[in-house]
Structures are given as structure tokens and as C-alpha cells.
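If you want the building blocks of each chain, they are given just below.
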Amino acid sequence: MWGEKMNDINKDTGMMYDGLRQSTNESAETKNYALSMMTLKYINENSDHNFSIPVNAVWERVTSHGMDFGKRMNVAFQELEEVNPSLHGVFTLTDFTRVFDPMNLFKVADSILNRYSFERKSSDTTAGVAIQFAERLWDISTDREGRRGGEIMTPRSISKLMVQLINTLSGTIYDGTSGINGSLIAAHTYAVEHGGNVSLFGQEVNPQTRALGIMNLILHGLYTEHTHIHLGNTITDPRWIEEDGKLQKFDSILTAPPFSLSRWGYEVAEKDPYGRFRYGLPGKSNGDMAFVLHSLASLKKDGKAVIIIPPGVLFRGGSEGKIRESLIREGFIEAVIGLPANLFSGTGIPVAAIVLNKSKPNLLKDKVFIINAEEGFEKSSRVQNILRDNDIEKIVDTYRLHKEVEQYSRIVNIDEIMKNDWSLQPVRYLDRVEVVTAIGKMEIDRKAYEHSELIMLNELADISRGYGSLKEETASKEFSHYLVNLIDVHDGIIQTEGLSKVNIDEKKARAYELQSGDVLLSSRGTALKITVISQSDIKDKPLVFSQNFLRIRVNSNLCDPHFVKAFLESPIGQYYLAMYQKGTTVTVLSHKDVGVIPLPKLPIQQQYEIAEYTKKADRSYRKAIEAAERQREENYLEGCRMMGISDTFQTIL
């Protein structure tokens, strides 16, 4: 029975959205009209609120006919806000007279919404019809509007995970970027289901999003004296302030701030009066860490926060690296959980949950619990992933019991984190068992490899990044050097015919000139390119290398460059390069990370032998490819001869 009703709700919500979309100026407004009408109907049919309903806001009166429907809806909401100050600025942000066809609004109210009762019964085993309509509306708006539709809504599977990680059954819960309050609602539902009760506090910077969020709370029966949502910028204008001028503190915080916000309020934060940035000021161009610091400052002395962050927060250097180091040293970071890509609408980057705890268990003193859950998900569409219940259960069970599971979770000592430049990337501490190489997919046993005698690459070579300032120095006629870029390297060989010509100051050029025996390793992109500079490469004009490469200049008394190339192309070498890649849309290798890759410690003569063997293999492979290509060409030409068309074309040299 309920299944059939759900099918009807899904179909009718789609019809409602499409009908309203035809009448609105832009798709982003569609959900504003729909949710406003749904909420008015809910308020009229339920008593789990303290709102007064003026006569012009009575649902049956407003929807009795379609004449001047937009104007009558406006009047209804204006009067509703006048007699209920807590609703000020919730409904009147939407002007119902701005639609192209007001009759579409009336059709939605009369032909769709009036078919259902929004009365919330105590016997309901489900969330109720109004909530089912609302949740379906969020899903449709996210699908139709893409990033714009999804940016106000934390995916439900993420909210479910955060709520179970925080495990708060009483006290206060705060979200400083609350959006439509989905995470706060999930937290309240969880507490009630487990015999508890919580008070909800939020802040949202966008007035329309805040309004939608309050409507969402009303539909869930949660907009009461125990729930408070302020309007304002959490970083530049935090609204939860005590009478003494200090930040209000909360028992628990769960939040998913906007990713990589560039205009986050750096100039205001420099003069912050609340002590939120005592551990450092994040860089001007990226505000992720600012929300982490705000959350930390808003916690009670035994409070806990779960924050969803982009992966850069775990490894970026500069001021962020220093802040991360301070938070680790101070013992505030309890856990980091790597999550899959494509969980959020409009961005394919993997995300992570960072758990701050001002009262960490003794087991985790001077340690951080690392969990890599990037592989646990289900595809819900071609471009969207979700966390399944069993994925969430595995993460939560591992976190709560501090389970160390091979290649999934590990308690990491602060000394090891320090050696990794205070990076908290799970891949740094948890083995990736598989790597795809030129000779197939391989399973890696890192522990077995690291039991052998090894030596760091930076003990055998100097490693540096390439030249990056070329705009004013690119030449048309006169030039001093050829530039090697990523596009110029194919199958380990530099295609010298197409190299760009550049003019570089003689003194500056010395640092970037290539010499025979230098190893070039691509530092950007997922397709790794490696080549060794030969004497023939530099015979016509000096070569310099771009910033998209790292140069590995080996000490010829200790190391053979072709041996380095052979190792980096091996399954173990590819494993380490993949492990140290950073970034989201564009992956990057740093010279520091490449420098600490461990190579087998072998005598130079043995390195020569290995290098010759692999060079021979490469030469044989290329000859076989060339022979196959010649044979293919001959067979095609013979086929053309047999068709009688070979005289109608000729090869152009």
C-alpha cells in the first residue's frame, strides 16, 4: 500500500516540479515555490507547532479558486509572517506574482497537493507524506539543477555517516553551514530513535537557502523553541555569541562547508576577536581550514565535531600545513576518514571526514586514527555515488571500536605523521594493494619490499622542478633553448621535431638546462611519463624542461639513470608514485615526495646490467611494433590492390 503511494508521490512531485518550472524565471526558483506551498498546507493540517494561522492563510481559503492566485499566496505569507515573528523572512522572499502563468501554481495546489493529506499521525511508520514530497523535491532539483541544486544539500548518506560518527543523544548540536538543515534533522532523528533528545543550532549565509531550511524543519515538526537558525556568514559574522562577547560553545558539531571557498573572509579573520585563528591564518585563496578552526573554537571542552572536507585540507602546505601540524600536536584531530569520489553533486573529487575531539580517548593520545573508505560505495547514477548502509556501518564500527583492519584502518603515531610532512592522506599510511602498470594489474606487498635493503632516491640524485615563466620569454625567431613539455614525450622518447623555442636569460637557464643522463618524470596528470635525456637529444640546441616535469639528476658514481627509469616504471615504482600523487582534478607530484621513494640498494655494476636489460626490452618492443605496423600497412595495400583501387591513390611523403 505504502509502496504504491510512494510511486504516486514520486510521479506527482516530478509533475509539480515540471509544471512550476514552466512558470518560473529560472529553475533554481522552482523549489522555492513548491516548498512554500507544501509548508503552508502542512502548517494548516498539523498542530506540532506554535504558529498562528490568520484567516487569509487558511489553506482551503487560499486554494478555493485560481483567480489572482499569486497575489493571494503573497498575502497569505505576508500575514503569516506578521503574526509569527519566528517566520520573518522565510516565505516572503518568494514573490508568487513573478511567475509567467499563475494558473500553473493553482493547478499544482489544486490538482496535486490537494490529493494528499499532510497530516502527521502518531501511528505513521514512515516520515509522512509531506516529508516524502520534500525529499523527492530535493532529489529532483539536484538532478535538474546540477551543482547549483546540490550545493545547499549535504547528501543524505553523508549526513547519516556524520550523525552516527558523532553519536550524540543529548545536548546541543551545531552546524555553521547548515544549508537546508538536512544534517541537523538527521541528528535529531537519530537521537530520538535512540531514546534521546537534542537542541539544534545552525547558521546559513544565503537568505533563500536559510528560508528553505526552516521550511524543511517545519515539515519535520522540528522548528520549535529548541531549534534556532541564524542568517549570516559564519566566518565574518558568527551569530552564535554569548552575552560576554565570546563564541557560544556546543556539545557536538557536524558540518559540510563549501569546498575551496576563495572569498572566505581573510581580511576579517586577520582581526578576529573570538580567538578562532590562534593556530594560524589560512591562505587568502582557500577557506576550508577556516571552517575547521571555527568548528574547533565552537566546541565545549569535551565536545566533538565531524567536518566534511576536500582532500587538500589533509596535505596542503604553507599556512595550512602549519595549522594542521598544530592541531595534530595539540591532540585535537582524533580521526580522518577518506571517502569516495562523486558523493556530492557537481564535483567529482573524493572527500574526507575529519573528526575533532577535545577529549580524545587515551588510546589515541599522540596518535590519529586513519580510515580509508574510498572504495566503499554504490553508483546511484552515471555521475553520482552514494554510501550504502553497509559502507556506513563498516566505517562507524571501525571508528567506534578503534579497529585496525589491514589496508583499511590504522592508528598512526604522531612521529610517523611528522615524517610525512604532517600529511593526513590515508594513502600515506594504508597500503594500496593494486596498481595498474604497463605490464598489467599487480598486487603489491609493500611490507615485503621494505624489508629489503633500500636507499632513498634523494640520496642518489638531486631532484628539481622545471621552468614556469615563459609568457614574455617565448620567442618567434631568436631563441636560446628548446622547451620540453609533457606533449613532447611519447613512449619514453622526446619528439625533438616539435619542441617549442624559448628565450631564457643565461643565468636563469643554468638551473633548468638538461644534460645527458638526466631523468625527466612528469609531475602533473595521471599518465606518468618518464624519459632519460640522451646526447642526441641536446646536440642541436640546449634543452630546458617545463614546470610539468621533475628532473632527477643522478650521482653517476652511485646510480645509473636508466636503472632509475626502470625502477620507476616497475610495479613497485608505480605504486610509490601513485601513493604520493596529490590533488583532485589535476594530480601533482612534489620533488620532496619523489625524493623519499626507496630504491633497491644495488652495486652500480648490477644497476648497469639491469638498465641494459630493460633498454634491450624497450628496443625489442619498439621493433616489434614497427614491424607490426609495416605488416599492417602492406596487408591493407594488398587489400586495396585486390579491390582494384590501388592505382587511384598514392602515398604523400
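Quick note: structure is the one above.
Attention in this report is confined to the structure presented alongside it. (Residues numbered from 1 in each chain as written. Predicted model: local features only at pLDDT ≥ 70, side-chain atom pairs only at ≥ 80, totals over all residues. Heavy atoms only, no water.)

**Describing unusual backbone geometry**
Phi is positive for Asp68, which is not a glycine, with a value near 50°. Turning to its location among the elements, Asp68 is positioned in the loop between helix H3 (59-62) and helix H4 (69-83). For Asp491, which is not glycine, the phi dihedral falls at a positive 50°. Checked against the element boundaries, Asp491 lands in the loop between strand S17 (489-490) and strand S18 (493-494). (Helix = DSSP H or I, 4+ residues; strand = E, 2+ residues; numbered from the N terminus.)

**Points about the packing of aromatic side chains**
For the structure shown, the criterion picks out 20 aromatic pairs. Relative to Phe133, the ring of Tyr116 lies with its centre 5.0 Å away and its plane at 80°, an arrangement referred to as edge-to-face. Taken together, the residues Tyr116 in the loop between helix H5 (102-112) and helix H6 (129-145) and Phe133 in helix H6 connect sequence positions 17 residues apart. Accessibility expressed as a relative area gives 0% for Phe133, which makes it buried. With a centroid separation of 5.1 Å and 70° between ring planes, the pair formed by Phe259 and Phe344 is classed as edge-to-face. With Phe259 in the loop between strand S4 (250-255) and helix H11 (266-269) and Phe344 in the loop between strand S6 (333-338) and strand S7 (352-357), this residue pair connects regions lying 85 residues apart in the sequence. Side by side, Phe259 and Phe344 carry an identical accessibility label, which is buried. If you follow Lys41 out to its NZ or CZ, it ends over the ring of Phe118, 5.4 Å from the centre. Across the ring face of Tyr408, the terminal group of Lys394 is positioned such that the distance to the ring centre comes to 4.1 Å. (Phe/Tyr/Trp six-rings, centres within 6.5 Å; stacked < 30°, edge-to-face > 60°. Buried < 20%, exposed > 50% of the residue type's maximum accessible area, 1.4 Å probe, protein only. Lys NZ or Arg CZ within 6 Å of the ring centre and 35° of its normal.)

**Quick look at the nonpolar core**
Met37, Met38, Ile308 and Leu339 are the most contacted members of the largest nonpolar core, which has 93 residues in total. Looking at this core, the element that brings in the most residues is helix H2 (residues 30-45), giving eight residues. Not counting the four nearest positions on each side in its chain, Ile308 is found in contact with Ile158, Met162, Thr255, Ala256, Pro257, Phe259, Leu339, Phe344, Val351, Ala352 and Ala353. Trp264, Ile328, Val368 and Trp422 belong to the second largest nonpolar core, which has 40 residues in total. (Core = buried A, V, L, I, M, F, W, Y, C linked by side-chain atoms within 4.5 Å. Contact = heavy atoms within 4.5 Å.)

**Considerations on the sheet that holds strand S23 (residues 549-554)**
Taken in spatial order, the four strands line up as S15-S23-S20-S21 in an open sheet, and their pairing is antiparallel. Of all the strands in the sheet, the pair left with one neighbour each is strand S15 (461-465) and strand S21 (530-532). Within this sheet the neighbouring strands show an average axis-to-axis angle of 20°, counted without direction. Inspection of the sheet shows strand S20 (residues 519-522) paired to S23 by four bridges, in the antiparallel sense. By the bridge assignment, Leu520 is partnered in S23 with Arg551. (Pairing = 2+ DSSP bridges. Axes fitted to C-alpha atoms, helices over the stretch in contact; angles between N-to-C directions.)

**What to know about the pattern of salt bridges**
Tallied over the entire structure, the rule returns 19 salt bridges. For Asp272, the salt bridge identified is with Arg276, shortest N-O distance 2.7 Å. Since its relative accessible area comes to 2%, Arg276 is described here as buried. The partner of Glu569 in a salt bridge is Lys565, with the nearest N and O atoms 3.1 Å apart. Take Glu569: its relative accessible area is 35%, and that puts it in the partly exposed class. (Salt bridge = Lys/Arg side-chain N within 4 Å of Asp/Glu carboxyl O.)

**A look at H2**
Under the 1.5 Å per step criterion, the end-to-end length of H2 is 23 Å for 16 residues, consistent within 8% with the ideal 22 Å. With 14 of 16 residues buried, H2 lies mostly within the body of the structure. (Expected span 1.5 Å × (residues − 1).)

**Regarding the side chain of Asn420**
Relative to the helices and strands, Asn420 is located in the loop between helix H16 (414-419) and helix H17 (426-429). Classification of Asn420 by relative accessible area gives buried; the value is 14%. Engagement of the side chain of Asn420 in a polar contact is seen with the side chain of Arg428, the distance being 3.2 Å. Ignoring sequence-local partners within four residues, the contact set of Asn420 consists of Arg428 and Tyr429. (Polar contact = N/O pair within 3.5 Å; in protein donor to acceptor, adjacent residues only side chain to side chain.)

**As for the side chain of Gln203**
Along the polypeptide, Gln203 turns up in strand S2 (residues 197-204). Residues within four places of Gln203 in sequence aside, it is in contact with Asp175, Gly176, Thr177, Ser178, His230, Gly232, Asn233, Thr234, Asp237, Pro238, Arg239 and Trp240.

**Some details on the environment of Val55**
The topology assignment puts Val55 in the loop between H2 and H3. The class of Val55 is exposed, set by a relative accessible area of 52%. Each C-alpha atom of the pair Val55 and Tyr429 lies 64 Å from the other, and the pair is 374 residues apart in sequence.

No statement about biological role is implied by the geometric values presented.
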